[in-house]
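Read off the chains here:
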Amino acid sequence: MVISVKDLNFSYRKRPMLFEGLQWSVPEGSVVGLLGKNGAGKSTLLHLLSGLLFPKSGAIALGQHLPKDRKPAFLEDIFFLADDVAYPGNMSIGEYERVMGAFYPGFDASQFDQILADFGLEKKVKLKELSLGERKKVFLSFALSTNCRFLLFDEPTNGLDIPSKSVFRKVVAGNIKDEQTVIISTHLVADVEKLIDRVAIIDAGKVQLDADLLELSDRLLFNTSPNLPEDSLHAEKYGTGYQFIRSRSGSEAQTPVNLELLFNAVLNKSLSNESIFQTQNSEVL
Ligand SMILES: Nc1ncnc2c1ncn2[C@@H]1O[C@H](COP(=O)(O)OP(=O)(O)OP(=O)(O)O)[C@@H](O)[C@H]1O
C-alpha cells in the first residue's frame, strides 16, 4: 500500500476528536474518490496526508515519506490542490509556471500548455484577473503537469461550470499516469463518478468504507424496482418506485456502482466494508 494511515487520532485545538483510530490504506496507482458529508473531515485528512497538520497520535506514510517531516524529497513528490489556494495575484499564469514549476523535477511545460488550452486559458493573463473557476483550472492544470507521484485534490470541481466539469474529467483522466496515486475529495459524486477506481467514505471519525469499484460491482447489485425488494441491503424512494442495493450472486450481470446510493447506505450504516465483504464470504462458505 503506497499510502497508509494507522490508528490516526486528530482534533483541532479545543475541539472534540475528529478522527479516532482512523485506518486507511491506498494501493499505488489508484484514483480514489474521498467522500463524506460537510464537516466529516475530508479537507483535514488531506492536510494531514500533506504534512500541513500533525496527528495527535498514529502514523501516516506516503511511500517512504513521513508527511510530518516535510522533507524536500516529499515536497517534490506531492501536490496538494487545496480548496482555497493562496496565490500571487500580480503574476501572470506564465510567471507562476516559471516560478513554481522549478520546485517540481517532473514538471512538464508542454503538458501545462496543452491542459491550459483544453480549458481555453491564455498564459499572459494575471492570476488576479481570473474568475474563481478560471483560477481553479490554472492550479489544476499546474498540479497535473507537476507529475508528482501523489496528487491530492480538495473539492477540485468547486467553482467550475457544467461544461468545465466535463473538461475536468477528460483532462484528469488523460493526464494521470499509472504510477501516480490520486485522491479527490468531493461531496459532488457525479463529478468524479467516471474518474475514480476506488471510493473511501469517511464518517464519524473513521473510514467507514474503502473499496475498489470493480470489487463493489462484483459483490453488490445497484438497481431500481417498482416495489421494495425484500432482500435489499439499502433502498430509497425513487420516482414512483425504489432504487436499491442488494448482494449480487455470481451469475447475475454486474451493474455500475451508484455512488450516491452507496454513500447514503454507508452513512445510514446499512453497508460497511465488513458487511459487504463478509456477506460474500458467508455465501461462499
Ligand atoms: N482550523 C480549524 N480549527 C478548528 N476546527 C476546524 C478547523 N478546520 C476545520 N475544522 C472543523 O473540523 C471539522 C472537519 O472539517 P473539514 O473542513 O475537514 O471537513 P470537510 O469534510 O472537508 O467538509 P466540507 O465538505 O464542508 O468541505 C469541521 O467540524 C470543521 O468545523
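Residues numbered from 1 in each chain as written. Predicted model: local features only at pLDDT ≥ 70, side-chain atom pairs only at ≥ 80, totals over all residues.

### Some details on the overall build of the protein
Using the following cut-off: A run of DSSP states H or I qualifies as a helix once it reaches four residues; a run of E qualifies as a strand once it reaches two. Both are numbered from the N-terminal end. Both definitions apply: the radius of gyration is a C-alpha atom measure, and the globule rule equals 2.2 Å times residues to the power 0.38. Counting other C-beta atoms within 10 Å of a residue's C-beta gives its exposure: the residue is buried at 20 or more, exposed at 12 or fewer, and partly exposed in between, where C-beta atoms are placed from the backbone.
Within the protein, the regular secondary structure consists of ten helices and twelve strands. A globule of 285 residues ought to have a C-alpha radius of gyration of about 19 Å, and the protein, at 20 Å, matches this closely. Based on the C-alpha atoms only, the size of the protein along its principal axes is roughly 60 × 40 × 35 Å. A total of 285 residues make up the protein; the buried ones form 35% of that total.

### Digging into the nonpolar core
We apply this condition: Here, a nonpolar core means buried Ala, Val, Leu, Ile, Met, Phe, Trp, Tyr and Cys residues linked by C-beta atoms lying within 7 Å of one another. Residue ranges labeled as domains rest on an automatic or database domain assignment. Whether two residues are in contact depends on their C-beta atoms, placed from the backbone: they are in contact if these lie within 7 Å.
In terms of nonpolar packing, the biggest core is built from 69 residues, with Val32 and Leu152 touching the most fellow members. For this core, the leading source of residues is helix α9 (residues 259-267), giving six residues. Per-domain counts for this core show at least three residues from each of domain 1 (3-204) and domain 2 (214-284). In this view, Leu152 contacts Leu46, Leu49, Ser50, Ile78, Phe80, Leu81 and Ile183; residues no more than four positions away in its chain are not counted.

### Considering the sheet that holds strand β10 (residues 220-225)
Stated formally: Paired strands are those between which DSSP finds at least two bridges. Axes here refer to lines fitted to C-alpha atoms; in helices the fit is confined to the stretch in contact. Angles between the N-to-C directions go from 0 to 180 degrees.
On the basis of which strands lie adjacent, the open sheet formed by three strands has the order β10-β12-β11 and antiparallel pairing. A single partner strand is all that each edge strand has here, and the edge strands are β10 and β11 (234-238). Pairs of neighbouring strands in the sheet enclose a mean axial angle of 20°, with direction left out of account. Strand direction decides the pairing type here: β11 and strand β12 (residues 241-247), joined by five bridges, are antiparallel.

### Quick look at the site of the ligand
For the record, the criterion: Nearness between a residue and a molecule or strand is assessed with a C-beta atom placed from the backbone; a distance within 6 Å qualifies. In this classification, Asp, Glu, Lys and Arg are treated as charged, Ala, Val, Leu, Ile, Met, Phe, Trp, Tyr, Cys and Pro as nonpolar, and every other residue, Gly included, as polar.
Around the ligand sit Tyr12, Arg15, Leu18, Gly36, Asn38, Gly39, Ala40, Gly41, Lys42, Ser43, Thr44 and His187, and those are all the residues in its vicinity. Residue classes in the shell around the ligand are distributed as three nonpolar, seven polar and two charged.

### Here we look at the sheet that holds strand β4 (residues 57-62)
Read across the open sheet, the three strands follow the order β2-β1-β4; overall the sheet is antiparallel. Two strands bound the open sheet, and with one partner strand each, they are β2 (19-26) and β4. Here the average twist between neighbouring strands, direction ignored, is 15°. Sheet topology places strand β1 (residues 3-10) next to β4; five bridges connect them, and they run antiparallel. Note on β4: the bridge partner recorded for Asn9 is Ser57.

### Digging into the environment of Phe142
The topology assignment puts Phe142 in helix α5 (residues 132-146). If sequence neighbours within four positions are ignored, Phe142 has contacts with Glu97, Met100 and Phe112.

### As for helix α6 (residues 162-175)
Put simply, the test is: What a helix should span is 1.5 Å times the count of its residues minus one. What the arc describes is the spread of directions from the helix axis to the C-beta atoms.
In this model, α6 (14 residues) spans 20 Å end to end at C-alpha, consistent with the 20 Å of a helix rising 1.5 Å per residue. Residues of α6 that are buried: Phe168, Val171, Val172 and Asn175. Buried residues of α6, viewed axially, fall in a sector of 95°; they line one side. Among the exposed residues of α6, those pointing more than 90 degrees away from its buried face are Ile162, Pro163, Lys170, Ala173 and Gly174.

### With respect to the domain arrangement of the protein
Size of an interface: often given as the accessible area lost when the parts come together. What the domain assignment reports for the protein is domain 1 (3-204) and domain 2 (214-284). The distance between the C-alpha centroids of domain 1 and domain 2 comes to 30 Å. Contacts between domain 1 and domain 2 engage seven residues on the former and five residues on the latter. For the side of domain 1 that touches domain 2, the class distribution of residues is four nonpolar, no polar and three charged.

### Notes on the UniProt feature "domain: ABC transporter" (unreviewed entry) in the protein
Our working rule: UniProt positions are given in the numbering used here, feature names are shortened, and annotations may be inferred rather than shown by experiment.
In the UniProt entry, the feature "domain: ABC transporter" (unreviewed entry) is given for residues 3-229. Helix makes up 32% of residues 3-229 and strand makes up 27%, while its end C-alpha atoms are separated by 39 Å.

### Topic: the packing of helix α4 (residues 109-119) against α6
Any two packed helices are characterised by how steeply their axes cross, that is the angle between the axes, and by the distance between the axes. Let me state the cut-off plainly: Geometric relationships in this document are graded by angle, where less than 35 degrees denotes roughly parallel, more than 145 denotes roughly antiparallel, 65 to 115 denotes roughly perpendicular, and other angles denote oblique. Crossings are classed by handedness, with left-handed meaning an anticlockwise turn of the near helix from the far one by less than a right angle and right-handed meaning a clockwise turn.
Put simply, α4 and α6 touch, their axes get as near as 10 Å, and they point 160° apart. By the angle between their axes, α4 is roughly antiparallel relative to α6. Judged by the twist between their axes, the crossing of α4 over α6 is right-handed. Packed against α4, whose contacting residues are Gln111, Ile115, Asp118 and Phe119, the element α6 presents Val167, Val171 and Asn175 at the interface.

### Let's talk about the confidence of the model for the protein
Cut-off, in case you're wondering: Confidence scores per residue from the predictor, reported as pLDDT, run from 0 to 100.
A residue-level look at the protein finds 98% of positions with pLDDT of 70 or above and a mean pLDDT of 94. Across residues 280-285 the pLDDT falls below 50, and counting only partners more than four positions away or on other chains, this stretch makes one contact in the model. For this predicted complex, the interface confidence score (ipTM) comes to 0.98, while the overall pTM stands at 0.94.

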